[in-house]
Each structure stands twice: as C-alpha cells, then as structure tokens.
Amino acid sequence: MRFVQPPIRTVDLMAASDGSAGEPKVAVSILALGRVGYGLAACEAAASVLQHTDFDVFLTCDEVTTPLFAPHDRVRLLSRHAPAVSFRPTNFLAKFEALAGCLDASDAAFFLQLDADAVLTRSVDGAMVAEALGDADVAMAEQTSIIGSTIGRAELRRHYVDHALAFLAPDLEAPPPERFCFANSGVVLFRRDGLKAFLDWARPLAARLPAEHRHGEHWIADQDYLQVWANAVNPSRFVRLPWQWNHCEHWDDGFPRAGALIAHLSNFMNGPTPETVQRLRASRDADAAAEPRPSGSASRTSFVVVSFNSAGWLDMCLEAAAPHGDLIVVDNASSDGSVAIARRRGATVLRNDTNLGFAAAANIGAKAAQTPFVCFLNPDCLVTSSVVEAAEAALARQPNQLLVPDFVDWSGRRESGLQPGYTRLKILADLIETRSPKHARRIRSTSRIDDAAWRWPLGACIFASRDGFRSLGGFDESYFCYMEDVELGRAASARGVALNSLPHVIVHLGQHGAEISGAGRKALMNEARFRYAARHHGRTFAWFAEATARLLGFLRKPLGGFPRQVRG
C-alpha cells in the first residue's frame, strides 16, 4: 500500500498570553504505574502543572502509586490495576488507556500528554497550546540525535523503518528523509478530535498485536505508535513542536537552556532514579512553591524530624507532612542546606551545636511538641493523608499505644512496621548478614529466631500520643542511633503499652535520610547491637557475638570504637 505524504509542518513558539477568560481549556494526562519512582516523578510533573498553569491534571495510577498523591481540587486520580502478564512496553502502552480515561473524564478542547519524568519550568496557558497546534491534531518535538553517540537523523529514521513501521504498519511506506520526524512522546499535544482519532487507531491495533510488543531485539511502545501515526497514517494532521516544548538532555546540546517550557529527563524506558526525582524538583523550581503552613489552623500532630545533612530528601518529606500538622526539625549540626530547607517549609527548627544522635534529638523534638500527638519521621519518609488520618483517629480512641505503618522502598520491597522481638540468634544473624549471608539465612531459618512475647516499631515512622510517649521515658539516649526503636518496643511491652500496625503503607527511601557512608552505617548499627546485647543478654554473649563476627571478617573495630553519626 502506498501512502502519499504531505510535508510535516513546524510552528514557532508563541509568547505567553494574558490568560483571558476565553482561553482554551487544556487537560493534562500523566501516567504513574507500578513503581515508587514513577509515582514520585509523577508527583513532580503534576506539581509543575499546578504551579505553572491553570490546567486540570488527570493522574492514572495504581495501588502502588495512588497513596503518593495529595488531594487537590485540580487533580483527578484515574485508577488502573496492573495487568496479569506484563512486558517491558506494557506500562508505556498504558498511556493509551490513560489518555482515553482523560478524554472521557474531561470536556477540554486540548490535551497534553506529559511523561512522569518531564516538568513545566515556566508558565504555559491554553492559548499557547492552541497556537502550537495550529490547525493540526497532534504535535510533538523532534529528537535529532543521542548525545554522546554518532546516532543522527539517518540512524533514527532507519530504526523507525526497521522496527516501528515494520511492526505496526508494514504496508505503509516510509517518508523521504526530508519529511521524516523522529517525534518524541515525552510531551504530546492533542486536539480533542485528533486524540480520539489516534486512540481509535492505536488501541485496537495494540490489542491485536502480540502482547510482548517486541520486534527483533527492540521493544515497541507508545512512541513508536505516535511516530507511525505522525509519519505514515495521518501526517497532514501532525506538526513539529519547537525544542522549548520538550527540552531533553539526551538530544539537546547545552541542557538546560534558558527559555525551555518543559524539561524532560528521559531515561530510555528504565524509569526514574532518585537523582531524577531530585532534578525534576529543581527544574520545576519547587522552592518557589514552598509556603509555610497557614497560621491558626488546628493541628493534632507534630512531625518530629531529626536531620543530619539530610538536604537530599528533607524538602520532600516536609512538603508531604506539612498539610497534616506542625513541623519540628531538630538539626544535629548539619553542614548542608537542611536548616534552610526546614525554615523555608515553615518548620520550627531546633539546632544542636553538635551531633547528639537520633535518640537525644528526637526527645528534644518531642518535648517541644504542643499537639496531643507526635510522629517521629525519618527525613527520607513520605507520609500520606490516609496514614495520618488513621493514626489520629486511633490515638483519639486509645492514646496509650504506639502506631506504625508498613513501608515500601524505591525497589518496591514492602516491610512491616512492626517487627518481632530480638533474641540472641537474631542479633547474631544481623551481625554476620553482610559478610556471610549463608550463615545468617541458616540462623534465621530456626524457629527460635524471634521472641514472640514482644514487638518493636521501626523508627522511621512512629505515631504516639505526646503524653504516652513521655510516660515511656522517650527514646533511650544511651543509643546514639539504631536499636533505640527496639528498646522502645521492649519498654512499651514491659509497661503494657500496645503496639499496633496501621493499615497503610508509606514510602521509605531507605538510607537516604543522612549523608553517611555505608561503612559508617554498619559501624553505627553494630555498636548499637553490641550495646543492646550486653544490656539484655550479658556482656559474655556480647563479646561472643563480636568474636563470631570477627571470625567471619565482618568487623574490624571493637565494641565502642565506631564513628559517631546520626541515623538516616
């Protein structure tokens, strides 16, 4: 089949309009499925839209990512369940369902498909979107190369012909080089009728083709569909966007350039990394949106956050907690921007001249709390409205308890917030885990590894009534950091204070709360474990445990000879 193609057009960037009342309505579709990283990146993408536009945002999410999104009157969550069988392109092809849901839920005239790893960097309005599209139905920016490689337009066109076109529309002809556009799908503008036409073509086609969506060694995903649509199926209704609409470091020299509307941190289908999320926040100028919590609003919970060079995630932590209560940051003599971040978020900052450790600093924060409830929160944890509401309701009914959520880390691993009691065997297994995991697994396989008589709460996020926590004597300050949460669990059990699990999950990024080396963390953990072992199981056992760990080559320093830092 031969397809005659008119030239693909290009438009110039329009200057910002005055945002008049008759401005065209735009809806933004963002997909966030499957991984915490996609959810956190999508939070930044959505926040950038709310910050720089008056557009409505439609977030398509699942059970993993839904809890990450705070309620907002311009944000609507569209729920989607993970497919029974998934291949690498599956979540990218889900953009079609996300767009279909957005089309059904909105009466907007124009639509913006925005990847989770793309953020608006300055104001955009409906008139700019309409001008960029002109009379076309679909608009995308062109990727012309891959920075750091010899790949250029010719190679990209060959890839399109050999894979995208061959898999999706083998009967259609490739455009001549001068008319070809290797369009990038990180940012796509649609006219309403154009979006419907594209989906009417793409969704049935995707359903007919093999679910794996693989052609040779190459995956076929949403971008391939959009490129075939733009170059072969309906080129007369496609227009190229200027670079400002999709400024990406992978093909644009001089990234980031001044004047970009959207910064795109593409990761070639590998998903956002923690560094990507941090850069997205910086690109959207998150600091400009930071506002202190309104004075006079009633708070029932104080969030006590201990910081020690925690600037990496502290802002995101405080941003998540701020709508739900008072912020108290106890800083252990940080040398980075932790204090400035805390003050910008409206936190009460209590700054120590030296690093007092976690337990002592957390107790200082608890004493400063003026609310009936407190939440001890690591700076690399993100609370949600559901977990805070559940904790406050439970503590209002029964103040004499400690409450913890479950946790999920960047990789998606879930961990219970309530842990079984420590035994000699458990301490020994923890000590030898890194150096001899085989022996550690063997120890943990025994039925006597846990003490079922008591439990302890993971200290990354603990809710308590202020008076109940004080009645326990606070955290044991003989621990510099680590194991003070285990000690708290023992004390609660001894005094009849209940420990209960909240039916919610929060993100714990894990060992990102403070700038401490891996070796430093191990040393701190082992010092705390030896201290705990000596206190509760005798010094003879503590020295036996140290000797065993030494024998396996795990430790090089004796009890007490470890660097002093703070828990992250």
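Counting 80 residues, the largest nonpolar core has F303, L377, L402, F463 and F475 as its most contacted members. Looking at this core element by element, the count peaks at 6 residues for helix α17 (residues 518–537). Setting aside anything within four residues of it in sequence, one finds L377 in contact with F303, V304, V305, V306, C317, A321, V383, A460 and C461. Membership of the second largest hydrophobic core comes to 56 residues, among which are I30, A46, V119 and V239.

Quick look at the packing of helix α13 (residues 424–432) against helix α14 (residues 437–444) now. Here α13 crosses α14 at 160 degrees, and the two axes come no closer than 8 Å. Considered as vectors, α13 and α14 are oriented roughly antiparallel to each other. Where α13 crosses over α14, the handedness of that crossing is left-handed. Two secondary-structure elements touch here, α13 through L425, L428, A429, D430 and I432 and α14 through P437, H439, A440, I443 and R444. Tallied by class, the residues present in the contact of α13 with α14 amount to 7 nonpolar, 1 polar and 2 charged.

To continue, consider the side chain of H247. For H247, the position within the fold is in strand β12 (residues 247–248). Its relative accessible area of 1% is what places H247 among the buried residues. From its side chain, H247 meets the backbone nitrogen of R257 in a polar contact 2.8 Å long.

All right, on to the pairing of strand β5 (residues 110–114) then. When you tally the buried positions in β5, you get 5 out of 5 residues, the bulk of the element. Going residue by residue along β5, you find F110, L112 and L114 tucked away on one face and F111 and Q113 tucked away on the opposite face as well. Examined bridge by bridge, strand β2 (residues 26–32) and β5 share 4 bridges and lie parallel to one another. Within β5, the position partnered with A27 by the bridge is F111. Bridge analysis of β5 against strand β8 (residues 183–191) gives 5 bridges, and the strand direction is antiparallel. Of the residues in β8, the one forming a bridge with L114 is V187.

Across the junction of F255 and P256, the peptide omega takes the value -5 degrees, indicating a cis bond. One non-glycine residue, N309, lies in the positive phi region at around 50 degrees. Along the chain, N309 falls in the loop between β14 (301–307) and α9 (311–321). A positive phi angle, near 60 degrees, is found at A333, a position not held by glycine. Along the polypeptide, A333 turns up in the loop between β15 (326–332) and α10 (338–344).

With that out of the way, let us pick up the environment of N309. Take N309: its relative accessible area is 13%, and that puts it in the buried class. For the pair formed by N309 and S335, sequence separation is 26 residues and the distance between their alpha carbons is 6.2 Å. Separated by 3.3 Å, the side chain of N309 and the backbone nitrogen of D336 make a polar contact.

Here the focus is the sheet that holds β12. Taken together, the 3 strands give an open sheet; going across it, the order is β6-β13-β12, and neighbouring strands pair in mixed fashion. The open sheet terminates on both sides in strands that have one partner only, identified here as β6 (118–120) and β12. Across 3 bridges, β6 lies against strand β13 (residues 262–264) in antiparallel orientation. The residue bridging L120 from the neighbouring strand is I262, located in β13.

Our focus in this paragraph is α13. Within α13, 7 of the 9 residues are buried, which leaves it mostly tucked inside the rest of the structure. Listed as buried for α13 are K426, I427, L428, A429, D430, L431 and I432.

Within this structure, the stated rule accounts for 15 aromatic pairs. For the ring pair F96 and Y225, a centre distance of 5.1 Å and an interplane angle of 70 degrees mean the geometry is edge-to-face. Taken together, the residues F96 in helix α2 (residues 90–105) and Y225 in helix α6 (residues 222–233) connect sequence positions 129 residues apart. You can call F96 buried: its relative accessible area is 3%. Judged by centre distance (5.0 Å) and plane angle (45 degrees), the ring pair of Y160 and F180 falls under tilted. Residue Y160 is located in helix α4 (residues 153–168), and its partner F180 is located in the loop between α4 and β8; the two are separated by 20 residues in the primary sequence. Overall, F180 belongs to the buried group, its relative accessible area being 4%. Put simply, the rings of F96, F190, F198, W201, Y225 and W229 touch in pairs and so form one group of aromatic residues.

What counts, and where the lines are drawn
- Residues numbered from 1 in each chain as written.
- Predicted model: local features only at pLDDT ≥ 70, side-chain atom pairs only at ≥ 80, totals over all residues.
- Heavy atoms only, no water.
- Core = buried A, V, L, I, M, F, W, Y, C linked by side-chain atoms within 4.5 Å.
- Buried < 20%, exposed > 50% of the residue type's maximum accessible area, 1.4 Å probe, protein only.
- Helix = DSSP H or I, 4+ residues; strand = E, 2+ residues; numbered from the N terminus.
- Contact = heavy atoms within 4.5 Å.
- Axes fitted to C-alpha atoms, helices over the stretch in contact; angles between N-to-C directions.
- Parallel < 35°, antiparallel > 145°, perpendicular 65-115°, else oblique.
- Left-handed = near helix turned anticlockwise from the far one by under 90°.
- Nonpolar A, V, L, I, M, F, W, Y, C, P; charged D, E, K, R; others polar.
- Polar contact = N/O pair within 3.5 Å; in protein donor to acceptor, adjacent residues only side chain to side chain.
- Pairing = 2+ DSSP bridges.
- Phe/Tyr/Trp six-rings, centres within 6.5 Å; stacked < 30°, edge-to-face > 60°.

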